Amino acid sequence: MVNKITIKTILNKSKTRDDWFLGNYTLNPYAGCSMACIYCYTRGSKYGGEHGVDVSAKSNAVPILKKSLKNSIRRNERGIIILGSAADPYPAVEKELTLTREILGIIKRFKFPVHILTKSELILRDMDILKGIKEIAILPDELVDKLDNGVIISFSFSSLDEKLAKIIEPGVPKPIERLETMKKFSDAGFKTGIINMPVLPFLSDSDEEVETIINSAKKYGADYILYGGLTLYGEAPDDCKTLYFNFLKENYPNLVNEYKKLFKGSSSLSKSYQRDLTVRFGEISTRYGIKNSLL
Ligand code: SF4
């Protein structure tokens, strides 16, 4: 039985376009995410506990979205809608509920461009609608010369190691399945790529591992690979910092102190770690001829 909630708003407009993902709006069809990645910063107390692993479908999302998009058009506002900023738009329940599919249908009807962030191969089911959006979406003026069409699809990874991914992202399809899904979208002419976020210190950040994911990005048709370091929030039992340290204690006890040194009690990695990751990722990406940005 799927939990359902009613909402007052579904489309959140950003003050300025997000340079990283190119979004003007965010939209999350579901609250909570069954993929249960232990590093997920939307879990726990950071967002008031609303984004746990239990999924709730926003049951009145479709009529609210129609109204919001009509209003945006009336105000002459156009922009890319990011689907999946706070919760994957393709949790397991989407298979039977088809809420994300309905939402895409509305987005197509109103000719808005979309950038989907997902870890699920279920997105293949909606390739027909996405092809339709690709044909007719109206891009905001400032992106008309920079994008070929109005659909971008990004697949997220923290590691390509199947064993590690199974522990750290228990509800997510295997890395190889995500790569193969990305290839199908690439072959169908979509702008698609990898979001390697978070890169995990000592677990997926060596030169070899960075090179492997960049090589895979090229091999499986990615136009870009974005990356970012790990952020760990909170001390409460469901907070990702607590969950992540529990994972380390259980599986990599030798890394607990290394992580403490890197984070120094903060939620972010040390500046020197981040600089080093930027340099290494940039150098290897250049060598493989792949961009670290969408444009
Ligand atoms: S798929 Fe994304 S939103 Fe869902 S738990 Fe993992 S990181 Fe969080």
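Please read these numbers as outputs of a predicted model, since none were measured by experiment.

Parameters and conventions
Residues numbered from 1 in each chain as written. Predicted model: local features only at pLDDT ≥ 70, side-chain atom pairs only at ≥ 80, totals over all residues. Heavy atoms only, no water. Buried < 20%, exposed > 50% of the residue type's maximum accessible area, 1.4 Å probe, protein only. Helix = DSSP H or I, 4+ residues; strand = E, 2+ residues; numbered from the N terminus. Pairing = 2+ DSSP bridges. Axes fitted to C-alpha atoms, helices over the stretch in contact; angles between N-to-C directions. Parallel < 35°, antiparallel > 145°, perpendicular 65-115°, else oblique. Left-handed = near helix turned anticlockwise from the far one by under 90°. Contact = heavy atoms within 4.5 Å. Near = heavy atom within 4 Å. Nonpolar A, V, L, I, M, F, W, Y, C, P; charged D, E, K, R; others polar. Phe/Tyr/Trp six-rings, centres within 6.5 Å; stacked < 30°, edge-to-face > 60°. Lys NZ or Arg CZ within 6 Å of the ring centre and 35° of its normal.

**Student:** So what's going on with the pairing of strand β9 (residues 191-199)? Residues and values would help.
**Tutor:** Of all nine residues making up β9, eight are buried, and the element is well covered by its neighbours. Sheet topology places strand β8 (residues 151-157) next to β9; six bridges connect them, and they run parallel. What sits directly across from Ile 153, in β9, is Thr 192. Sheet analysis places β9 next to strand β10 (residues 224-229), joined by five bridges and oriented parallel.

**Student:** Which residues make up the packing of helix α7 (residues 207-219) against helix α10 (residues 271-288), and what are the values?
**Tutor:** Packed helix pairs are specified by the crossing angle of their axes together with the interaxial distance, meaning the distance between the axes. Packing of α7 against α10 leaves a shortest axis separation of 10 Å and a crossing angle of 40°. Looking at the two axes, α7 sits oblique to α10. As for how α7 packs across α10, the hand of that crossing is right-handed. Residues Asp 207, Val 210, Glu 211, Ile 213, Ile 214, Asn 215 and Lys 218 of α7 touch α10, and the partners they reach there are Arg 280, Phe 281, Ile 284, Ser 285, Arg 287 and Tyr 288.

**Student:** Account for the site of the ligand, with residues named and values stated.
**Tutor:** Around the ligand, the structure places Cys 33, Met 35, Ala 36, Cys 37, Cys 40, Ala 86, Ala 87, Asp 88 and Lys 119. When grouped by side-chain class, the residues that make up the shell around the ligand number seven nonpolar, no polar and two charged.

**Student:** For the packing of aromatic side chains, give the residues involved together with the corresponding values.
**Tutor:** Enumeration according to the criterion identifies 12 aromatic pairs in this entry. For the pair Phe 202 and Tyr 259, a centre-to-centre distance of 6.0 Å together with 55° between the ring planes defines the contact as tilted. Placement of Phe 202 in the loop between β9 and α7 and of Tyr 259 in helix α9 (residues 256-263) is noted, with a sequence separation of 57 residues between them. Feature note: the residues Phe 202, Tyr 244, Phe 245, Phe 247, Tyr 252, Tyr 259 and Phe 263 constitute an aromatic cluster, connected by ring pairs. Stacked on the ring of Tyr 25, the Lys or Arg Lys 13 has its end atom at 5.8 Å from the ring centre. Here the guanidinium or amino end of Lys 134 rests over the ring plane of Phe 190, the centre of that ring lying 5.1 Å away.

**Student:** Residue-level account of the sheet that holds strand β4 (residues 30-31), with values.
**Tutor:** Taken together, the three strands give an open sheet; going across it, the order is β1-β5-β4, and neighbouring strands pair in mixed fashion. Looking at strand neighbours, the two that pair on one side only are β1 (3-5) and β4, the edges of this open sheet. Taken together, the three bridges between β1 and strand β5 (residues 56-58) define a ladder with parallel strand orientation. Note that in β5 the partner of Lys 4 across the bridge is Ala 57.

**Student:** Lay out the environment of Asp 19 with the relevant residues and their values.
**Tutor:** Along the chain, the position of Asp 19 falls in the loop between β2 (11-13) and β3 (25-27). Its relative accessible area of 64% is what places Asp 19 among the exposed residues. In this structure the C-alpha to C-alpha distance between Asp 19 and Glu 162, which are 143 residues apart in sequence, comes to 31 Å.

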